[in-house]
Amino acid sequence: MTGKPVVLIVDDEAGVRESVRMVLKDDWETVTQPCGEDAIEWLKENSPALAFLDILMPGIDGLEVLEHIREGDSELPVVMLTATKTVRTAVKAMKLGAFDYITKPFDVDELRMVASRAIKNADLLREVDQLRSEVGSQYSVDNMIGESSLMQDVFNTVGRVAPLKTTVLISGESGTGKELIAKAIHYNSPRASETLVTINCAAIPDNLLESELFGHEKGSFTDASAKKIGQFEIADKGTLFLDEIGEMSPSLQAKLLRVLEEGEIMRVGGSGPLQVDVRVVAATHRDLRKLIEEGTFRADLFYRLNVVTVTLPPLRDRPEDIPLLIRHFVEKKTKEHGLPPRTLGQDTVEQLLGYPWPGNVRELENVIERTLVLAPDCDEIGVNSLPPDMTAGPSTAGPGTRQMVLDGRKSLDLAVDEFEKDIIEEALSRARHNQTRAARTLGTTRRILKYRMDKLGIEQPEA
Ligand SMILES: Nc1ncnc2c1ncn2[C@@H]1O[C@H](COP(=O)(O)OP(=O)(O)OP(=O)(O)O)[C@@H](O)[C@H]1O
Ligand SMILES: [Mg+2]
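Residues numbered from 1 in each chain as written. Chains lettered and ligands numbered in written order. Predicted model: local features only at pLDDT ≥ 70, side-chain atom pairs only at ≥ 80, totals over all residues.

1. Section: the overall build of the chain
Keep this limit in mind: A helix here means a DSSP run of H or I that spans at least four residues, while a strand means a run of E at least two residues long, and both kinds are numbered starting from the N terminus. Computation of the radius of gyration draws on C-alpha atoms, with the globule rule given as 2.2 Å multiplied by the number of residues to the power 0.38. In this scheme every C-beta is placed from the backbone, and a residue whose C-beta has 20 or more other C-beta atoms within 10 Å is buried, one with 12 or fewer is exposed, and one in between is partly exposed. We call two residues in contact if the C-beta atoms placed from their backbones are at most 7 Å apart.
In terms of regular secondary structure, the chain is built from 19 helices and 16 strands. A compact globule built from 463 residues would reach a C-alpha radius of gyration of about 23 Å, whereas the chain, at 29 Å, exceeds it by more than 25%. Summarising its shape, the C-alpha atoms of the chain cover approximately 85 × 60 × 45 Å along the three principal directions. A total of 463 residues make up the chain; the buried ones form 33% of that total. Long-range pairs, those at least 24 residues apart, make up 67% of the contacts in the chain with a sequence separation of at least 6.

2. Details of the sheet that holds strand β13 (residues 279-284)
Note the following rule: A pair of strands counts as paired when DSSP detects no fewer than two bridges linking them. Only C-alpha atoms enter the line fits that serve as axes; for helices the fit covers just the stretch in contact. Angles between N-to-C directions range over 0 to 180 degrees.
Taking strand neighbours across the sheet as the criterion, the 5 strands line up as β7-β10-β13-β6-β14 in an open arrangement whose pairing is parallel. For this open sheet the edge positions go to β7 (196-200) and β14 (308-312), each flanked by a neighbour on one side alone. Strand-to-strand, the axes of this sheet are offset by a mean angle of 15°, without reference to chain direction. Here strand β6 (residues 168-172) pairs with β14 via 5 bridges, running parallel. Bridging across to β14, Leu169 finds its partner in Thr309. Packed onto the sheet, helix α6 (residues 149-161) meets β6 and β14 and runs at close to 150° relative to β14. The strands touched by helix α7 (residues 178-187) are β6, β7, β10 (239-243), β13 and β14; relative to β6, the strand with the most contacts, the crossing angle is about 155°.

3. Some words on helix α15 (residues 360-374)
As a reminder, the rule being used: The span you would expect from a helix comes to 1.5 Å times its residue count less one.
Across its 15 residues, α15 extends 21 Å between first and last C-alpha, which sits within 8% of the 21 Å expected from 1.5 Å per residue. Within the span of α15, buried status applies to Asn360, Val361, Leu364, Asn366, Val367, Ile368, Glu369, Arg370, Thr371 and Leu372. Those residues of α15 that are buried lie in contact with α13 (322-337), β16 (380-381) and α17 (412-430).

4. Looking at the domain arrangement of the chain
Inclusion rule: Boundaries between domains were set according to an automatic or database domain assignment.
What the domain assignment reports for the chain is domain 1 (6-134), domain 2 (148-313) and domain 3 (321-456). One C-alpha centre belongs to domain 1, the other to domain 3, and the line joining them spans 57 Å.

5. Details of the packing of α17 against helix α19 (residues 446-456)
Convention followed: These descriptions rest on fixed angle ranges, namely under 35 degrees for roughly parallel, over 145 for roughly antiparallel, 65 to 115 for roughly perpendicular, and the rest for oblique. Note on convention: the crossing is left-handed when the near helix lies turned anticlockwise from the far helix by less than a right angle, right-handed when the turn is clockwise. Residue polarity is assigned by list, with Asp, Glu, Lys and Arg as charged and Ala, Val, Leu, Ile, Met, Phe, Trp, Tyr, Cys and Pro as nonpolar; anything else, Gly included, falls into the polar class.
Two elements in contact, α17 and α19, have axes whose closest approach is 11 Å; the angle formed by their N-to-C orientations is 120°. Here α19 runs oblique to α17, going by the angle between their axes. When the axes of α17 and α19 are compared, the crossing they make is left-handed. Facing Asp417, Glu420, Lys421 and Ile424 of α17, the residues of α19 in contact are Arg452, Met453 and Leu456. When the residues that make up the contact of α17 with α19 are grouped by side-chain class, the tally is 3 nonpolar, no polar and 4 charged.

6. Considerations on the site of ligand 1
Heads up, the condition is: Only the C-beta atom, placed from the backbone, is used; a residue is near a molecule or strand if that atom lies within 6 Å of it.
Lining the immediate environment of ligand 1, one finds 17 residues, of which Ile145, Gly177, Lys178, Glu179 and Val361 sit closest. Within the residue set of the shell around ligand 1, elements represented by two or more residues are α7 and α15. When its residues are assigned to classes, the shell around ligand 1 shows 4 nonpolar, 8 polar and 5 charged. Both domains that meet at the shell around ligand 1, namely domain 2 (148-313) and domain 3 (321-456), each give it at least three residues.

7. Observations regarding the pairing of strand β3 (residues 50-54)
Burial within β3 is extensive, with 5 of its 5 residues counted as buried. Burial along β3 is two-sided: Leu50, Phe52 and Asp54 and Ala51 and Leu53, pointing in opposite directions, are all buried. Note: strand β1 (residues 6-10) against β3, 4 bridges, orientation parallel. When the bridges of β3 are listed, Ile9 appears paired with Phe52. Bridge count for β3 against strand β4 (residues 78-83) is 4 bridges, and the pairing is parallel. Bridged to Ala51 within β4 is Val78.

8. A closer look at the nonpolar core
Under the convention used in this document: A set of buried Ala, Val, Leu, Ile, Met, Phe, Trp, Tyr and Cys residues, joined to one another through C-beta atoms within 7 Å, is what we call a nonpolar core.
Grouped together as the largest cluster of nonpolar side chains are 41 residues, with contacts concentrated most on Ile170 and Leu240. Considering every element that reaches this core, the biggest residue donor is α7, with 5 residues. Leu240 has contacts with Val197, Ile199, Gln231, Phe232, Ala235, Val278 and Val280, leaving out every residue within four places of it along the chain.

9. Section: the packing of α13 against helix α14 (residues 346-353)
Viewed as axis vectors pointing N to C, α13 and α14 meet at an angle of 120°, and their least axial separation amounts to 10 Å. For the element pair α13 / α14, the angle class is oblique. Crossing hand, α13 versus α14: right-handed. Where α13 approaches α14, its residues Ile322, Pro323 and Ile326 are matched on the opposing element by Val349, Leu352 and Leu353. Counted by class, the contact of α13 with α14 contains 6 nonpolar, no polar and no charged residues.

This is the structure:
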């Protein structure tokens with residue numbers, strides 16, 4: 001054995017077998033078989049990297065061998081060898097899962113190229129599968145923390161609905177774990193090996209959101225210089241997570257409702273509907289019933305989304321989970337930052353238990369991270385090491401932040417959050433709490449400013 005990948009060549013004509021072998025033998029280990037029966041027999045004991053199958057052969061033909069391979073659930077890439085008159089059959093073979101086909105008499109360079117492409121493609125697919133299952137295994141409710149009966153109820157519901165195609169609406173305050181639950185639903189469903197697409201409806205300006213979701217045809221509006229595939233199409237066979245659905249405009253809500261009901265989308269400027277098979281999971285930190293009363297959320301869409309609701313309780317309603325979460329984040333963050341093992345003193349834990357956690361689990365995670373990286377080197381972390389803003393006013397991103405990020409003592413995300421909070425608070429105060437004016441100063445919209453404020457836990461009186 002040479003250690004090179006093995007390529008199987010099946011053809012009833014010795015001349016063809018030999019010429020294919022001659023072309024490939026320098027780069028790959030080649031094995032030839034004269035008929036379908038022998039190929040199937042050989043495949044029982046061997047797993048090549050690629051197979052070339054002649055279509056027309058007496059006895060078991062190439063298509064039947066291909067079907068046999070696919071039934072065995074093998075990922076083996078197959079390239080069909082075909083005489084020009086059987087090209088139609090070759091197309092059928094592609095539908096059965098062949099990677100490509102080559103017409104005889106073949107071009108030497110083309111043969112080499114197709115072979116290396118097929119092998120490379122199979123390698124990539126294997127890699128994607130591997131990554132997907134690694135990512136997927138992280139997102140199981142088993143890895144989520146919560147012994148409280150409120151969280152146990154959540155986990156039970158997720159376990160029951162994940163395998164179904166049902167639309168799920170996840171509600172809960174900022175930082176309660178909505179995105180984590182959305183991922184758990186996708187990765188514990190039969191769609192786990194397909195794509196999970198996340199769209200944050202609050203982060204995309206309303207006029208762009210429609211084409212982001214449904215795509216557009218070239219020239220359908222002034223900026224549309226090229227065709228764009230929408231996220232619904234990208235999520236086909238998988239899951240689309242619509243985060244912050246409460247921020248979607250009523251006109252787009254109507255379009256979304258139609259997609260959910262018909263199972264088909266319409267590209268902006270497109271001529272006809274396209275079928276899509278997408279499971280939708282939506283989340284919001286808002287009270288949609290209240291938005292319905294206020295007239296900004298459509299009741300019909302709400303009932304369509306609300307088939308199953310998962311409500312994530314705020315952290316202050318499940319204090320018994322706080323010590324578990326602390327332990328979890330201390331472990332996670334010490335590992336992430338390569339810090340020596342540490343624990344939080346009992347008084348520190350008690351201090352944290354007494355805090356109302358407006359930013360919920362995310363805030364707790366950030367506080368633990370900050371405390372760990374800033375605490376003096378000692379085994380047990382005391383109350384003094386807790387961030388001052390837990391007891392005093394809001395934090396500011398001081399001049400040392402840059403260095404702390406560069407030294408790896410603070411995460412970039414956290415520094416950016418602190419900076420953003422600081423700037424927004426300052427802009428609001430200068431605008432005398434007029435959010436529209438503050439938004440203009442910051443070059444954003446009031447809607448997006450409000451969303452960022454909620455996310456960062458900035459409470460301000462409306463001027
Ligand atoms: N039960 C839990 N166990 C472990 N980690 C959790 C749990 N809930 C939330 N987290 C962590 O808290 C952080 C915030 O969670 P997530 O982003 O899912 O919240 P969210 O509700 O989507 O927040 P937002 O409304 O701000 O978007 C994440 O880092 C997540 O991993
Ligand atoms: Mg979220």
